[in-house]
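Overview (structure and organization)
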Amino acid sequence: MIELTDVSKSYRVRSASVEALRNINLTVNKGEIYGIIGHSGAGKSTLLRCINLLEQPSGGSVKVAGVELTALGSVQLQKERRRIGMIFQHFNLLTSATVRDNIAFPLKLAREPRAKWRKRVDELLKLVGLEQHADKYPSQLSGGQKQRVGIARALANNPDVLLCDEATSALDPQTTNAILSLLLDINDKLGITIVLITHEMNVIRSICDRVAVIDGGQIVEEGQVLDVFLKPQHPVTQDFVDQVSDAVDPRALQQGRNSRLLRVHYVGRLTYEPILFNAMKSSSVQFAILQGTVSRMKHTPYGQIIVELIGENAEIERIIDVLRHEGLNVEDLI
Ligand code: ADP
């Protein structure tokens, strides 16, 4: 659905040139929720704005739904942009227009007849749960409600793609979760492709299928969220993963002298199975769980425990083999 090939962007600041993006190659599939995470100044906003050409790349090509946007003139580009909706951190609503008029704005701009846009606005109000607030002004709404207006407005023209620019960064955690659920719901119901940028790993973990980690204008890691999350390769990725685990250095937790410290991951149905219990019940090895979490990545449950095994080394090795054979990911921490 989206294909960026060798995209670069540099800005001239006085006599110097700032390279905000360097040779970005990225493919987002139809119907996917794709997250781009990075620290402040990494190039996230620039990258997102290169997708709808709000920023003109200095080099490379951008294709959306089979159309090479970088090859279009301004009239054609204007038309193609209707297939790409966008929402913003600070909502960017018209303060002197009601919720209904904010949502209707892109439809009026596209010269839709009145009866048609009124019907569409009603559908959108329902989709984002704002039927009761249609005649209010933005100043009368909470942050979460304002973002719902932003989402409805972005969807007005039935776009194929929704770009989300730090859409939950101005919201409290509870409202963030509600907006993320709404995005997930829209993705499920409408099959719309979503690209979001964020500096919060929680956002990636909750709703994304794939993620790219950007640092210094380059993609330093990319893949399925589950893989990147469970086996981060780049130090910047590790930083972000640490954001959502309350990890203490597990070595500081170790009690015994002749013990082994293991990190065990399990994904999907394995999360609910008593594999550790079964492996240990006929063994002389003792164990202590030093840390543990069960969580969810988009629709997939996963868990992670840090466990200390105490006993004969050969027997510990046998236990590790059993766990691996059952499909758990076992990592030795010592
Ligand atoms: P992020 O969204 O990850 O915080 P940005 O894409 O905003 O990062 O910025 C990437 C880099 O490009 C930064 O070094 C920033 O200072 C620079 N930059 C962004 N926009 C401009 C601009 N309009 N003019 C000059 N430099 C810019």
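Residues numbered from 1 in each chain as written. Predicted model: local features only at pLDDT ≥ 70, side-chain atom pairs only at ≥ 80, totals over all residues. Heavy atoms only, no water.

**Side note on the overall build of the protein chain**
The cut-off we apply is this: Think of it this way: any DSSP run of H or I at least four residues long counts as a helix, any run of E at least two long counts as a strand, and we number them from the N terminus. For each residue, the accessible area found with a 1.4 Å probe, counting protein chains only, is set against the maximum for its type, and the residue is called buried under 20%, exposed over 50%, and partly exposed in between. The contact criterion used throughout is that any non-hydrogen atoms of two residues lie within 4.5 Å. Using the Shrake-Rupley algorithm and a 1.4 Å probe, accessible areas are obtained, with residue cover drawn only from the displayed protein chains. Working convention for charge: Lys and Arg count positive, Asp and Glu count negative, and His plus the chain ends are omitted. Charge positions come from single atoms, namely NZ of Lys, CZ of Arg, CG of Asp or CD of Glu.
Each helix and strand counted, the protein chain has 11 helices and 14 strands in total. Expressed along its principal axes, the backbone C-alpha trace of the protein chain runs to roughly 75 × 50 × 35 Å. Out of the 334 residues belonging to the protein chain, those deemed buried represent 47%. In the protein chain, of all internal contacts separated by at least 6 residues, the share reaching a separation of at least 24 is 70%. Accessible surface for the protein chain amounts to roughly 16400 Å². Of this, 47% is attributable to carbon and sulfur atoms. A distance of 9 Å separates the average location of the 39 positive side-chain charges in the protein chain from that of its 38 negative side-chain charges.

**What to know about the site of the ligand**
Note the following rule: Definition of nearness: a residue and a molecule or strand are near each other if at least one heavy atom of the residue lies within 4 Å of the molecule or strand. Here a polar contact means two N or O atoms within 3.5 Å. Within protein one must be a hydrogen donor candidate and the other an acceptor candidate, and residues neighboring in sequence count only if both atoms are side-chain atoms. The residue classification treats Ala, Val, Leu, Ile, Met, Phe, Trp, Tyr, Cys and Pro as nonpolar and Asp, Glu, Lys and Arg as charged. All others, Gly included, are polar.
Taken together, the neighbourhood of the ligand is formed by Tyr-11, Val-13, Val-18, Ala-20, His-39, Ser-40, Gly-41, Ala-42, Gly-43, Lys-44, Ser-45 and Thr-46. Residue His-39 places a main-chain N or O atom 3.5 Å away from an oxygen atom belonging to the ligand. Between the ligand and the protein, one listed contact pairs an oxygen atom with a backbone N or O atom of Gly-43 at 3.0 Å. Coverage of the ligand by the protein amounts to 61% of the 560 Å² it exposes when considered alone. Among the elements of the structure, strand E1 (2-13), strand E2 (16-28) and helix H1 (44-51) are those that each provide at least two residues to the shell around the ligand. Among the residues forming the shell around the ligand, the class breakdown is five nonpolar, six polar and one charged.

**Description of empty space enclosed by the protein**
Over the atoms, a rolled probe matching the size of one water molecule traces out where space is still vacant. Which entries qualify depends on this criterion: Here a cavity is any set of points on a 1 Å grid over the protein atoms alone where a 1.4 Å probe fits but cannot get out, and a pocket is any open set with protein on both sides within 12 Å along at least 5 of 7 lines; a residue lines the site when it has an atom within 4 Å of a point. Grid points are joined across faces, edges and corners, and a volume is the space filled by probe spheres set on the points.
According to the stated counting rule, one finds one cavity of 30 Å³ or more in the structure shown. Looking at the largest cavity, its volume works out to about 70 Å³. Lining the largest cavity, in full, are Cys-164, Glu-166, Ala-167, Thr-168, Ser-169, Leu-180, Leu-183, Leu-196, Ile-197, Thr-198 and Val-203. Secondary-structure elements contributing two or more residues to the lining of the largest cavity are helix H6 (173-190) and strand E8 (193-198). The class makeup of the residues in the lining of the largest cavity is seven nonpolar, three polar and one charged.

**Notes on the side chain of Lys-44**
Note the threshold: Whenever Lys or Arg places a side-chain nitrogen within 4 Å of a carboxyl oxygen from Asp or Glu, that contact is recorded as a salt bridge.
Its location among the elements puts Lys-44 in helix H1. One buried charged residue, Lys-44, forms no salt bridge at all, with the nearest opposite charge on Glu-166 at 4.2 Å. Once you skip the residues sitting within four places of it in the chain, Lys-44 turns out to touch Ile-36, Ile-37, Gly-38, His-39, Glu-166, Ile-197, Thr-198 and Ile-214.

**Some details on the domain arrangement of the protein chain**
The cut-off we apply is this: Delimitation of the domains relies on an automatic or database domain assignment. The buried area of a pairing is the accessible area, by a 1.4 Å probe, that goes missing from both parts when the two are put together, added over both.
Entries for the protein chain in the domain assignment read domain 1 (2-243) and domain 2 (250-332). Carbon and sulfur atoms make up 63% of the area that domain 1 and domain 2 hide from each other, which totals about 970 Å². It is Arg-205, Leu-226 and Leu-230 in domain 1 that bury the most area against domain 2; as a group they hold 56% of the surface buried on that side. Where domain 1 packs against domain 2, one counts one salt bridge. A salt bridge links Lys-298 to Asp-209; the shortest N-O distance between them is 2.8 Å. There are five residue pairs in polar contact (both at pLDDT 80 or more) connecting domain 1 and domain 2. If you list the elements that add at least two residues to the side of domain 1 that touches domain 2, you get H6, helix H7 (201-207) and helix H8 (225-230). Counting residues per element, the side of domain 1 that touches domain 2 draws most heavily on H8, at four residues. Residue composition of the side of domain 1 that touches domain 2, grouped by class: eight nonpolar, two polar and four charged.

**Some points on the side chain of Glu-55**
Looking at the element boundaries, Glu-55 is found in the loop between H1 and strand E4 (59-64). Side-chain polar atoms of Glu-55 contact the side chain of Tyr-11, separated by 3.2 Å. Aside from chain neighbours lying at most four places away, what touches Glu-55 is Lys-9, Tyr-11, Thr-46, Arg-49 and Cys-50.

**Regarding the pattern of salt bridges**
Pairing of side chains with opposite charge becomes possible as their charged atoms draw close. Applying the stated criterion across every chain, the model contains 19 salt bridges. A salt bridge links Glu-123 to Lys-119, with the nearest nitrogen and oxygen atoms 3.6 Å apart. Here Glu-123 pairs with Lys-119, and both are found in helix H4 (residues 114-127), just four residues apart, close to one helical turn. With relative accessibility at 55%, the residue Lys-119 sits in the exposed group. Arg-318 is the salt-bridge partner of Glu-315, the closest N and O atoms lying 2.9 Å from each other. Residue Glu-315 and its partner Arg-318 are located together in helix H11 (residues 313-325), separated by three residues, close to a single helical turn. Exposure remark for Arg-318: the relative accessible area of 36% places this residue in the partly exposed category. Via salt bridges that share partners, Glu-32, Arg-210 and Glu-222 belong to a single interconnected network.

**Thoughts on the packing of aromatic side chains**
Under the convention used in this document: Two rings from Phe, Tyr or Trp (for Trp, the six-membered ring) form a pair when their centres sit within 6.5 Å of each other. Planes less than 30 degrees apart are called stacked, planes more than 60 degrees apart edge-to-face, and all others tilted.
Throughout the structure, instances matching the rule amount to one aromatic pair. Where Phe-229 meets Tyr-302, the ring centres are 5.6 Å apart and the plane angle is 75 degrees; that geometry is what we call edge-to-face. Residue Phe-229 is found in helix H8, and its partner Tyr-302 is found in strand E13 (residues 300-310); the two are separated by 73 residues along the sequence. Overall, Phe-229 belongs to the buried group, its relative accessible area being 7%. A residue is classified by how much of its surface remains accessible, and Tyr-302, at 4% relative accessible area, is buried.

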